[in-house]
Amino acid sequence: MNTIYKHIITLSLLPVLAASCIREAIPTDRATANEVTVETQITGMPAAMMMIGANGYGLPWEFALPAIHMATDAMSGDVAILGNIGYDWFFQWGTNTALGPDYAVGVLTWDNYYKWIKSANAIIGGIDPADISEKEKAFLGWAYVYRAICYLDLVRLYEFKPNKYTEGEKVIGLGVPIVLPETTEEMAKNNPRALVSDIHAMIQEDMVTAEQLLLSYKAESRYDITLGLVYGIRAKTYLDMACNDNKPETFALAAEYARKAITASGRTPLTHEQWEDPSNGFNNINANNSWIWGLPLPSEQVDNLVGFTPHMSTEQTWSAYGFSVARGINKNLYNSIPAGDFRKYSWLDPDLTIYSYKSTRTDAKAYFADELPSYSNIKFRPAQGDYTDFKTGGAADHPYMRVEEMYFIEAEAKAHASLQEGRNLLNTFMNSYRMMDGYKYDCTPKASTLKGFLNELMLMKRIEFWGEGIIMFDLKRLDMSSYRGYVGTNSPTSYRLNCDGRAPYWNFAISRGETQNNTALVGFNNPDPSDIIKPWTK
């Protein structure tokens, strides 16, 4: 099992993609030898974050960041497995089994993020900011952003948050070990968990640096990192900080940077047509103006079984992981979608006659009626609408940040100072971007208190970002409950987990491979949450 210190010792070159696979963000004309080396490393980062089989176990859940997103969504309670659970390779996260430090699933998050941090550190440590070209300035800014992305996710995964099921008084307030370019092998062998507040501060400092480096950068590709992403990461981090320190000024900063991200990115929420696009729905960064940043998966690296589309798309024909498992929406969440909200048609209603569902499948009507269970998702379409050829249909871009997330952060953060302003922002977003003609959304009846507003905002956010790997972090941050066990549930027996407040399995355990090689972690791991929550029965 890989460990932090092993990641420091050997700097292996990241996968180099051919020009046909990913558009180079910065031209290489007249580049110096040093710039070519750095460019090779920085343009390989997206491939590393989408890499299949990077952990070396040969398992179908080894496809890097998209798999992490699927794992956290499986733990949220909003995803329902509607078909053959034997094909669900995310069952451990979905059923809270074998999630402790002794199991292989731990490498999906721990090893991947620290490998990506190592690569970012190599770039940061390899460029002298005192003698830097314009090209290297952009590369350096991107490296700081990649590092911040990793630490933000790591601290949200591994910070122990109090819950009603496990004890962790000794590790409250602790995040993960910090590894920097100057961290040596010996230091990594005795590297304690840093304070969450210190990691948050480091992320913000990195983003200040990235902003300065990218101020004059002109993006050449939609895959480029820009100021919109920098401000978006700052907004997400400030919101996490605010929920820890509960300071009005921190909430204000979260709202400020969410608005900065909206403005700087120039992005606009998905339209109804773009949301339901049967060829480009949630698979093509260039087919909409919503994505602030996303990751490409070139055809040369597509696998018929291992990857996001084979597991998530129910329309494709080449992988049983998609249509046999048929990932769908929690029935209660589906029934909570407001009338007239077009997002509802991302999932198949039991009465298929209520809507003309779009698809590129020639047999779509019969397929939806006879093959897919009710509530199956059709949100994530095969790339280019090709549901028969995995090389084309599986080569889907993966969303990391859509501008819609910033609207939700702004509304939530503003509500802490003015409940009325928060309500107005949520109502405006829904009525401007999500309600069909003739329908109106109004959160006011459900949002007479801040708690009521947060519940309603999170309901709309859970619908908005279903399947995108965002919601578990919010539920953990806000100490919210999750339920898949109830009369009429559409989840299989072993998945019917009910948690009153924060789920214990949202506090990830550090893998044994790391604790064995880093003595400072001994005695400071999160408790093993496995099987603590028993499935609900009637």
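Up top is the structure these notes are about.
Residues numbered from 1 in each chain as written. Predicted model: local features only at pLDDT ≥ 70, side-chain atom pairs only at ≥ 80, totals over all residues. Heavy atoms only, no water.

Asks: Can you walk me through the pattern of salt bridges in this structure?
Replies: Between side chains of opposite charge, a pair can form as their charged atoms come close. For the structure shown, the criterion picks out 31 salt bridges. Here glutamate 410 and arginine 259 are joined by a salt bridge, their closest N and O atoms 2.8 Å apart. Highlighted residues: glutamate 410 in helix H17 (residues 403-415) and arginine 259 in helix H10 (residues 248-265), separated in sequence by 151 residues. The class for arginine 259 is partly exposed, based on a relative accessible area of 33%. Between glutamate 468 and arginine 402 there is a salt bridge whose closest N-O contact spans 2.7 Å. Here arginine 402 lies in strand E4 (residues 398-402) and glutamate 468 lies in the loop between helix H19 (450-464) and helix H20 (471-478), a separation of 66 residues in the sequence. As far as burial versus exposure is concerned, glutamate 468 and arginine 402 are alike and both buried. (Salt bridge = Lys/Arg side-chain N within 4 Å of Asp/Glu carboxyl O. Helix = DSSP H or I, 4+ residues; strand = E, 2+ residues; numbered from the N terminus. Buried < 20%, exposed > 50% of the residue type's maximum accessible area, 1.4 Å probe, protein only.)

Asks: Would you take a moment to explain the pairing of strand E2 (residues 291-295) for this structure?
Replies: A regular strand places its side chains on the two faces of the sheet in alternate fashion. Burial of E2 is extensive: 5 of the 5 residues sit out of reach of the surface. As paired strands, E2 and E4 are joined by 4 bridges and run antiparallel to one another. Looking at E4, one finds that tryptophan 293 is bridged to methionine 401. (Pairing = 2+ DSSP bridges.)

Asks: Would you take a moment to explain empty space enclosed by the protein for this structure?
Replies: One way to see where empty space is left: roll a probe the size of a water molecule over the atoms. By the definition in use, this model includes 11 cavities of 30 Å³ or more. Approximately 130 Å³ is the volume attributed to the largest cavity. Surrounding the largest cavity, 17 residues form its lining, Met50, Leu297, Phe308, Thr309 and Ala396 being those nearest its centre. Broken down by element, the lining of the largest cavity gets its largest block of residues, 3 residues, from helix H12 (residues 308-312). Its residues assigned to classes, the lining of the largest cavity comprises 10 nonpolar, 5 polar and 2 charged. (1 Å grid on protein atoms, 1.4 Å probe; cavity = no way out; pocket = protein on both sides within 12 Å on 5 of 7 lines; lining within 4 Å. Points joined across faces, edges and corners; volume = space filled by probe spheres on them. Nonpolar A, V, L, I, M, F, W, Y, C, P; charged D, E, K, R; others polar.)

Asks: Would you take a moment to explain the layout of surface pockets for this structure?
Replies: Considering only enclosed or pocket space, the largest pocket measures out at about 380 Å³ in volume. Every element with two or more residues in the lining of the largest pocket is listed here: helix H14 (331-335), H19 and strand E5 (482-483). Per-element tally for the lining of the largest pocket: the top contributor is H19, with 6 residues. Grouping the constituent residues of the lining of the largest pocket by class yields 6 nonpolar, 10 polar and 5 charged.

Asks: What is the right way to read the packing of aromatic side chains from this model?
Replies: Ring pairs (aromatic) are described by centroid distance and by the angle formed between their planes. For the structure on display, the rule yields 31 aromatic pairs. Ring geometry for tyrosine 345 and tyrosine 355: centres 3.7 Å apart, planes at 5°, overall stacked. Of the two residues, tyrosine 345 sits in the loop between H14 and helix H15 (364-370) while tyrosine 355 sits in the loop between H14 and H15, which places them 10 residues apart along the sequence. Just as tyrosine 345 is buried, tyrosine 355 falls in that class too. Centroid distance phenylalanine 429 to tyrosine 433: 5.6 Å. Interplanar angle 50°. Geometry classified as tilted. Of this pair, phenylalanine 429 and tyrosine 433 are both found in helix H18 (residues 419-433), 4 residues apart, which corresponds to roughly one turn of the helix. (Phe/Tyr/Trp six-rings, centres within 6.5 Å; stacked < 30°, edge-to-face > 60°.)

Asks: What am I meant to see in unusual backbone geometry here?
Replies: Trans peptide bonds make up the majority, and among non-glycine residues the majority have a negative phi. Residues other than glycine seldom take positive phi values, yet alanine 98 does so here, at roughly 55°. Relative to the assigned elements, alanine 98 resides in the loop between helix H4 (91-95) and helix H5 (106-126). Unlike most non-glycine residues, alanine 326 shows phi in positive territory, near 50°. As for its placement among the helices and strands, alanine 326 is situated in the loop between helix H13 (320-323) and strand E3 (327-329).

Asks: Where do I start with the nonpolar core in this structure?
Replies: The tendency in soluble globular proteins is for nonpolar side chains to be buried side by side. Judged by nonpolar contacts, the single largest core of 154 residues is most densely connected at Trp93, Trp116, Tyr151 and Ile233. With 17 residues, helix H6 (residues 134-158) is the largest single contributor of residues to this core. Not counting residues within four places of it along the chain, the set of residues in contact with tryptophan 116 comprises Met45, Ala48, Met49, Ala64, Leu65, Ile68 and Cys150. (Core = buried A, V, L, I, M, F, W, Y, C linked by side-chain atoms within 4.5 Å. Contact = heavy atoms within 4.5 Å.)

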